[in-house]
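Topology and contacts: notes
For reference, the chains in residue letters:
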Amino acid sequence: MLGCGRWGTFLAWYLDRSGQQVSLYGRKGSRRMDQLLRTRSNGVTQLPSSVELLQNLEEALEADALVLSVGSQSLRGLLREIAATGRRDLRLVLCMKGLEAGSGKRLSTVAREELGEEIPVAVWLGPGHVQEFTAGIPNCMVIDSEDEAFQEELIGAFSSRLIRFYYGRDLIGSEIGGASKNVIGLAAGMLDGLGLSSLKGALMSRGTREIARLIQALGGNELSAYGLCHLGDYEATVFSPYSHNRRYGEAFVRGEPYEELAEGVATVQALVKLSRQCQVALPICQAVYQVLYEQADPQETLDRLFTRSLKQEF
């Protein structure tokens, strides 16, 4: 397990619980890893003694499969560190929901660019929060990969009564859907912060449709937007008190600080870029981008969004 943040630490806990031999890697000097080394807890997840804690990257790469949970914008840098070790017999499971902001590329594309087209890459996506899982509340998630044998192996090894895995059959749709739901979460938080939570129904129906159009334009199956990677993750993103993206959007429009990672903030830059490249209208993503990066007034921007002419494409 590479990445000792909130989600990465939980995944180490979960994989150990599901019968895997797990080591968790964090950089030397990392505040989160230092805390785990002292207490084996991050305040939410308590790691058992069976999870080995590592600070040496080359030692961590000796695993049969690498499960990665780092900030999406940090992925390419980490992969270059991995490539510099000379290891080539790698298999990756990406557990991040984001796109590379500068290029608009999917994270599996980034992985293959840095480590080679031949490496097996899977993505692990879907709804769920650490606080709920560690309390024993189950959920369903999805694993997708173009390598069907790798996907089959992962689902067999990782499934448990706590998480039931579904087979993804559209890597493009799964990655775009999983990344973009965080932007819808930002919009939902903005609505909460403005006292407009009643508009979340319209947000969800319109959001799913615009992301479906983008997935189709990129060569994926538009129906993926209605699955666990996107619409199926809305409850955990649009409504949950644990959602970093929803909480970030709410704090932003209220002028309050929010220090936790909200992947949608970078992802919306990538989506606006893809919107232009593919000539697909993404009005919700565009509105969020304008508020975050162009100093647009949140109230006026969201008012315009929800009063668009009904003759415009839904």
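Whatever comes next refers back to the structure up there.
Now for a look at the structure at hand.

Cut-offs used in this document
- Residues numbered from 1 in each chain as written.
- Predicted model: local features only at pLDDT ≥ 70, side-chain atom pairs only at ≥ 80, totals over all residues.
- Heavy atoms only, no water.
- Phe/Tyr/Trp six-rings, centres within 6.5 Å; stacked < 30°, edge-to-face > 60°.
- Helix = DSSP H or I, 4+ residues; strand = E, 2+ residues; numbered from the N terminus.
- Buried < 20%, exposed > 50% of the residue type's maximum accessible area, 1.4 Å probe, protein only.
- 1 Å grid on protein atoms, 1.4 Å probe; cavity = no way out; pocket = protein on both sides within 12 Å on 5 of 7 lines; lining within 4 Å.
- Points joined across faces, edges and corners; volume = space filled by probe spheres on them.
- Axes fitted to C-alpha atoms, helices over the stretch in contact; angles between N-to-C directions.
- Parallel < 35°, antiparallel > 145°, perpendicular 65-115°, else oblique.
- Contact = heavy atoms within 4.5 Å.
- Nonpolar A, V, L, I, M, F, W, Y, C, P; charged D, E, K, R; others polar.
- Pairing = 2+ DSSP bridges.

Let's talk about the packing of aromatic side chains
Scanning the entire structure with this criterion turns up 11 aromatic pairs. Between Tyr248 and Tyr258 the ring centres are 6.3 Å apart and the planes differ by 90°, which places this aromatic pair in the edge-to-face class. In this pair, Tyr248 is assigned in helix α11 (residues 244-253) and Tyr258 in the loop between α11 and α12 (264-278), connecting sequence segments 10 residues apart. Accessibility classification places Tyr248 together with Tyr258 in one group, the buried group. The interplanar angle of 35° and the centroid separation of 5.1 Å between the aromatic rings of Tyr289 and Tyr293 together place this pair among those described as tilted. Linking Tyr289 with Tyr293, this pair stays in helix α13 (residues 283-293), spanning four residues, or about one helical turn. An aromatic cluster of at least three residues, connected via ring pairs, comprises Trp7, Phe10, Trp13, Tyr14, Trp124, Phe133, Phe158 and Phe165.

Looking at the layout of surface pockets
A volume near 1300 Å³ is recorded for the largest pocket. What lines the largest pocket is a set of 48 residues, and nearest its centre among them are Gly5, Arg6, Trp7, Ser69 and Leu261. Counting residues per element, the ones that place at least two in the lining of the largest pocket are α1 (6-17), α2 (31-39), β5 (121-125), α8 (171-193), α10 (234-239) and α11. It is α2 that contributes the most residues to the lining of the largest pocket, four residues altogether. Reported here for the second largest pocket is a volume of approximately 490 Å³. Lining the second largest pocket are 23 residues, and of these Gln21, Val22, Ala63, Asp64 and Ala65 lie nearest its centre. Elements with a minimum of two residues in the lining of the second largest pocket: β2 (52-54), α3 (57-60), β3 (66-68) and α7 (148-158).

Comments concerning the packing of α13 against helix α14 (residues 298-306)
Where α13 meets α14, the axes come as close as 10 Å, and the angle between the chain directions of the two elements is 170°. Comparing the axis directions of α13 and α14 gives the class roughly antiparallel. Counted together, Pro283, Ile284, Ala287, Gln290 and Val291 of α13 and Pro298, Thr301, Arg304 and Leu305 of α14 form the full contact between these two elements. A class-by-class count of the residues in the contact of α13 with α14 yields six nonpolar, two polar and one charged.

Regarding the pairing of strand β6 (residues 139-145)
Side-chain positions along a regular strand alternate between the two faces of the sheet. The buried fraction of β6 amounts to five of the seven residues, a majority that puts the element mostly inside the structure. Judged from the four bridges that link them, β5 and β6 form a sheet pairing that is antiparallel. The partner of Leu125 across the bridge, within β6, is Val142. As paired elements, β6 and strand β7 (residues 163-167) share five bridges and run parallel to each other. Paired with Asn139 across the two strands is Ile163, which belongs to β7.

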